[in-house]
Amino acid sequence: MGRSGVWNGKTLSKAEKRSLISWIKKGYSRLKCNQNLMEKYGRTVDPRNLSRFARQEKLTFKATNELDFSTKELASVRGLWLIGAPQRRLALEAGKRTLNSVQKKITRLRATGAVADGLREEIKEELRAGKSSASIAKKHNIAVKFIDEFKETEKSSTIEIENLKRWENTDIEDLLDFIEDGQKRLKKMDAEQGEANIKISTTSKYVALMFLSDIHLENVNTDLRGLRRDFDIIKSTKDFYVGFGGDLIDNFIVGPHKEGVIEAVIPPKAARIAAGKLFDSIRERLLWTILGCHDAWDRDYADYNLPEHIARKLKIPYLGHGGDINLTVHNKKSKKEQLYNIHARHKYRGSSGLTNGTACCKNVLRNIDPKFDIVAISHNHFAEIKIEHYLRKDRVFIRTGSYKKEDRFSNMLGFEACEFDSQIPVVILNTATKDMKVISGVSNASDTLKALNR
Ligand SMILES: [Fe+2]
Ligand SMILES: [Fe+2]
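Conventions adopted
- Residues numbered from 1 in each chain as written.
- Chains lettered and ligands numbered in written order.
- Predicted model: local features only at pLDDT ≥ 70, side-chain atom pairs only at ≥ 80, totals over all residues.
- Helix = DSSP H or I, 4+ residues; strand = E, 2+ residues; numbered from the N terminus.
- Buried ≥ 20, exposed ≤ 12 C-beta atoms within 10 Å, placed from the backbone.
- Contact = placed C-beta atoms within 7 Å.
- pLDDT = per-residue confidence, 0-100.
- Pairing = 2+ DSSP bridges.
- Axes fitted to C-alpha atoms, helices over the stretch in contact; angles between N-to-C directions.
- Expected span 1.5 Å × (residues − 1).
- Arc of directions from axis to C-beta.
- Parallel < 35°, antiparallel > 145°, perpendicular 65-115°, else oblique.
- Left-handed = near helix turned anticlockwise from the far one by under 90°.
- Nonpolar A, V, L, I, M, F, W, Y, C, P; charged D, E, K, R; others polar.
- Core = buried A, V, L, I, M, F, W, Y, C linked by C-beta atoms within 7 Å.

1. Section: the overall build of the chain
Next, step 1: Within the chain, the secondary structure is distributed over 17 helices and eleven strands.
Next, step 2: The burial tally for the chain puts 37% of its 454 residues in the buried class.
Next, step 3: Here the analysis covers contacts within the chain between residues at least 6 apart in sequence; of these, 71% occur between residues at least 24 apart.

2. Topic: the confidence of the model for the chain
Next, step 1: Overall, the predicted model of the chain reaches an average pLDDT of 83, with 80% of residues at or above 70.
Next, step 2: A low-confidence stretch, residues 1–6 (pLDDT under 50), is modelled with six contacts involving residues beyond four sequence positions or located in other chains.
Next, step 3: Residue range residues 65–86 is modelled with pLDDT below 50. Its contacts to residues more than four positions away, or to other chains, number 59 contacts.

3. Description of the sheet that holds strand β6 (residues 337–345)
Next, step 1: Pairing within the open sheet is mixed, and its six strands lie in the order β1-β5-β6-β7-β9-β8. Both edges of this open sheet fall to β1 (195–202) and β8 (383–390), since each of them pairs with a single strand only. Neighbour-to-neighbour, the strand axes of this sheet turn through a mean angle of 20°, independent of strand direction.
Next, step 2: By the bridge criterion, eight bridges tie β8 to strand β9 (residues 393–400) in an arrangement that is antiparallel. Looking across to β9, one finds that K386 is bridged to F397.
Next, step 3: The strands touched by helix α15 (residues 359–367) are β6, β7 (374–377), β8 and β9; relative to β7, the strand with the most contacts, the crossing angle is about 125°.

4. A few points about helix α17 (residues 442–453)
Next, step 1: With twelve residues, α17 should reach 16 Å at 1.5 Å per residue; the first-to-last C-alpha distance of 16 Å fits that figure.
Next, step 2: Looking only at α17, the buried set comprises V442, A445, S446 and L449. Across the axial projection of α17, the buried residues extend over an arc of 100°, all falling on one side.
Next, step 3: Elements in contact with the buried residues of α17: β2 (206–212), α11 (224–236), β3 (240–244), β10 (425–430) and β11 (436–440).

5. A few points about the packing of α11 against α17
Next, step 1: Two numbers describe how α11 lies on α17: the axes approach to 9 Å, and their chain directions differ by 15°. As the angle between them shows, α11 and α17 are arranged roughly parallel. As α11 runs across α17, the sense of the crossing is left-handed. Of the residues in α17, those touching α11 at D230, I233 and I234 are V442, S443 and S446.
Next, step 2: When grouped by side-chain class, the residues that make up the contact of α11 with α17 number three nonpolar, two polar and one charged.

6. Points about unusual backbone geometry
Next, step 1: The residue D239 is not glycine, and still its phi comes out positive at about 65°.
Next, step 2: When you line up the elements, D239 lands in the loop between α11 and β3.
Next, step 3: Given 22 C-beta atoms within a 10 Å radius, D239 is considered buried.
Next, step 4: Phi is positive for L391, which is not a glycine, with a value near 50°.
Next, step 5: Examined against the element boundaries, L391 turns out to sit in the loop between β8 and β9.

7. A few points about the packing of helix α8 (residues 133–140) against helix α9 (residues 144–155)
Next, step 1: At a closest axis distance of 8 Å, the pairing of α8 and α9 adopts a crossing angle of 115°. In the crossing of α8 with α9, the sense of the turn from one axis to the other is right-handed. Here α8 contributes S133, A134, I136 and A137 to the contact with α9, which in turn contributes V144, I147 and D148.
Next, step 2: Split by residue class, the contact of α8 with α9 holds five nonpolar, one polar and one charged.

8. Brief notes about α9
Next, step 1: Between its terminal C-alpha atoms α9 stretches 17 Å, which fits the 16 Å expected from twelve residues at 1.5 Å a residue.
Next, step 2: Residues of α9 that are buried: F146, I147 and F150. All buried residues of α9 lie within an arc of 105° about the axis, which places them on one face of the element. Opposite the packed face of α9, turned more than 90 degrees from it, sit the exposed residues E152 and K155.

9. Quick look at the nonpolar core
Next, step 1: If you look at the biggest cluster of nonpolar residues, it comprises 63 residues, and the most contacted ones within it are A208, M210, I374, V375, V426 and I428.
Next, step 2: Among the elements that make up this core, the one with the highest residue count is β2 (seven residues).
Next, step 3: If near-sequence neighbours (up to four positions away) are discounted, I428 is found in contact with Y206, A208, K437, I439, A445, T448, L449 and L452.
Next, step 4: In this structure, L20, I24, F53 and F61 belong to the second largest nonpolar core, which totals nine residues.

10. Points about the sheet that holds β11
Next, step 1: Strands sit in the order β4-β3-β2-β10-β11 across an open sheet of five strands; the sheet is mixed. Since the sheet does not close on itself, it has two edges, and those belong to β4 (286–288) and β11, each with one partner. Each adjacent strand pair in this sheet contributes to an overall mean axis angle of 30°, direction not counted.
Next, step 2: Sheet topology places β2 next to β10; five bridges connect them, and they run antiparallel. Counterpart to L209 in the pairing with β10 is V427.

And the structure:
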């Protein structure tokens, strides 16, 4: 019996004909009739031939939308060949769908595979066993082209993961807002400032400003006796102030030169506490703090910063690696005041040149700003202070020295302890006119200041 081509219904058995007539009368669709035929007699008939049969019997199929059958139902009659022009035509006749929607539905049915699960496995097995498409098609009463299509579908198998977590749907604008908000909040917490305006009001004509740095407190070679003596002098001398340029403790344990720790008399925590107490003692004299390279190891490895901590505690500016200090010295008696522009930092380009130690100070004037009256650079542990007429005005250039007399590194470079000039540089500033006097050593500076203010 043919599934297509010319067919006059003569091959139907009497029983089949009777059943068909009763189903058509009941208003069953062509598809439903085919489904019933398959269930009852194990065969199906081309719907066009069903229509012809109905006409012969002077019956008509009710106009139903054949496509409303589920994929499963469609598959159950193994009538894959139903999907095509005849069905499209039937659906259009029913007047319920546009050609486009019918086509879409057909495509979907085809795409989802209008083959029952059991049958799919059966066909797969047969294909694996090497049976031809034609023989499989014949066995299951399916057009060969659908077997070939099935083979193609199997070849292009796909994987579907239902619950795969995707990042593409992240709201990026929301994320960027979050970052911006976080930046604002963090910056609010940051104590670092590039510029500080400081005003000292006094009844004296002169004030002294010591450029202190590179204490390396816990080191076995640090002149702690000299440091404590100088602090005592500062505390007992009116109008004596201090700016700190970094390297408060050695801190070797967190740095890249851990071998340096063998020079430590006390561990870093104790050194931090001692240094903090020491700086507490010059509260009201200390004007700013700067981050040294040894202090920066804490910042880099532990997000902690001792000079910043001290600045917060003493409520003075913390200038990071360095910054501008606009220092106004005001005489309450004479009502006169002078502004001194200072730039202080731990390191600067050219700071390691021992033969011309203050060359880096001139680099600051050239590269950062030519306005500064005083430029002070720390880090290299040698002291130098000079007043020089440079770029049309008097300037003070300072290398801040150190209380650490020697270390393994300096010994390696061939320096002896006695070669280090520990005379800490001090500048005496006049409140009445722009006038700077340079002094080496805290004790000398104290005596000079007292004499000048007498
Ligand atoms: Fe240092
Ligand atoms: Fe340093």
